[in-house]
Amino acid sequence: MAEKKVIWITGASSGIGKALAIKFAENGWIVAASARRENLLKELQNINQNIYPYPLDVTDIEKCKSTAKSIIDNLSGIDICVFGTGMHDPKSEKQNGQISIISSVAGYRGLPAAGAYCASKAALTSFAESLYFDMQMKNVHVSLISPGFIKTPMTDQNDFPMPMIKSPEFAANEIFKGLTIKKGFEIHFPKAFTYFLKFLQILPSGLYFKLVSKGMKKIDY
């Protein structure tokens, strides 16, 4: 019997990370699930016994390193790392496998009333692109996940229209296909929404500002 593959997911206690952990576990993967809230990770393990909790605050660099080592030692390696929260130590990565970073289509261009969020996601996108070159030399594939609006506890707080919003389960299905079948650089969804934003991305700034400002007036923003 083929040995089960292992995926490590940070930010796994809710939203996309939680749905992704369940999706991979249901498909026979061993899932190392990390987040700060240990109680939610234990609830996740009760859903599927292929999920193993590894509580972690990604701001603690030494804890990140020791957790990665624990996962490798306990689960016989890591085939895919999905970082829903930021962390990186190039010296600790093995010489094969995949690293995937969850960003957002908000990183494509600056959007109204979302300066800090857009800037952070744009930084993640650029980081993933740079990391792609660095890790290519080590036979590690890097991919970028760029979701549109996904219904999560975070987006539940938004007080503005969210076009084509999708469920975390939809996102998990798209990411699973992207990581296990297609294996390209960027996994973005839903396509009708993300391709429109990609079109806006290539417009000259003057035209982009006019179009977005006009759209804001239509929704009385």
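Above this text sits the structure in question.
Residues numbered from 1 in each chain as written. Predicted model: local features only at pLDDT ≥ 70, side-chain atom pairs only at ≥ 80, totals over all residues. Heavy atoms only, no water.

Draft legend 1. Just the pattern of salt bridges, in detail. Under the counting rule described, the total for this entry stands at 6 salt bridges. Note that glutamate 38 and lysine 42 form a salt bridge whose closest N and O atoms lie 3.8 Å from each other. Placement of both glutamate 38 and lysine 42 in helix α2 (residues 38-47) is noted, with a separation of 4 residues, approximately one turn of the helix. The shortest N-O distance in the salt bridge between lysine 198 and glutamate 186 comes to 2.7 Å. Here glutamate 186 lies in strand β7 (residues 186-189) and lysine 198 lies in helix α6 (residues 191-201), a separation of 12 residues in the sequence. (Salt bridge = Lys/Arg side-chain N within 4 Å of Asp/Glu carboxyl O. Helix = DSSP H or I, 4+ residues; strand = E, 2+ residues; numbered from the N terminus.)

Draft legend 2. Structural detail: the sheet that holds strand β2 (residues 30-34). Ordered in space as β3-β2-β1-β4-β5-β6-β7, the 7 strands form an open sheet in which the pairing is parallel. One side of each edge strand has no neighbouring strand; the edge strands of this open sheet are β3 (51-53) and β7. Adjacent strand axes in the sheet meet at a mean angle of 20°, parallel and antiparallel pairs treated alike. As paired strands, β2 and β3 are joined by 3 bridges and run parallel to one another. Bridge pairing in β3 links alanine 32 to tyrosine 52. Where helix α1 (residues 15-26) meets the sheet, it contacts β1 (6-10), β2, β3, β4 (80-83), β5 (98-102) and β6 (141-147), and its direction lies at approximately 170° from that of β1. The strands that helix α5 (residues 168-182) touches are β4, β5, β6 and β7; relative to β7, the one it contacts most, it runs at about 155°. (Pairing = 2+ DSSP bridges. Axes fitted to C-alpha atoms, helices over the stretch in contact; angles between N-to-C directions. Contact = heavy atoms within 4.5 Å.)

Draft legend 3. Region of interest: the side chain of threonine 194. Assignment of secondary structure puts threonine 194 in helix α6. Once residues within four sequence positions are removed from consideration, threonine 194 is found in contact with Val105, Tyr108, Ser146, His188 and Phe189.

Draft legend 4. Main features of the nonpolar core. With 29 residues, the main nonpolar core has Ile7, Ile9, Phe24, Val31, Ile51 and Val82 as its most contacted residues. Listing elements by their share of this core, those giving two or more residues are β1, α1, β2, α2, β4, α5 and β7. Broken down by element, the residue count for this core peaks at 7 residues, all from α1. In contact with valine 82, other than residues within four places in its own chain, are Ile7, Trp8, Ile9, Thr10, Leu20, Ser100, Ile102, Ile145 and Leu179. Judged by nonpolar contacts, the second largest core, of 22 residues, contains Val58, Ile101, Val140 and Leu144. (Core = buried A, V, L, I, M, F, W, Y, C linked by side-chain atoms within 4.5 Å. Buried < 20%, exposed > 50% of the residue type's maximum accessible area, 1.4 Å probe, protein only.)

Draft legend 5. Region of the structure containing the packing of aromatic side chains. Going through the model one piece at a time under the given rule, you end up with 9 aromatic pairs. On the numbers, 5.8 Å between centres and 55° between planes, the contact of tyrosine 208 with phenylalanine 209 is tilted. Exposure remark for tyrosine 208: the relative accessible area of 4% places this residue in the buried category. Among the aromatic side chains, those forming a connected cluster through ring pairs are Phe24, Trp29 and Phe176. Over the ring of phenylalanine 176 we find lysine 23; its NZ or CZ atom is 5.4 Å from the centre of that ring. (Phe/Tyr/Trp six-rings, centres within 6.5 Å; stacked < 30°, edge-to-face > 60°. Lys NZ or Arg CZ within 6 Å of the ring centre and 35° of its normal.)

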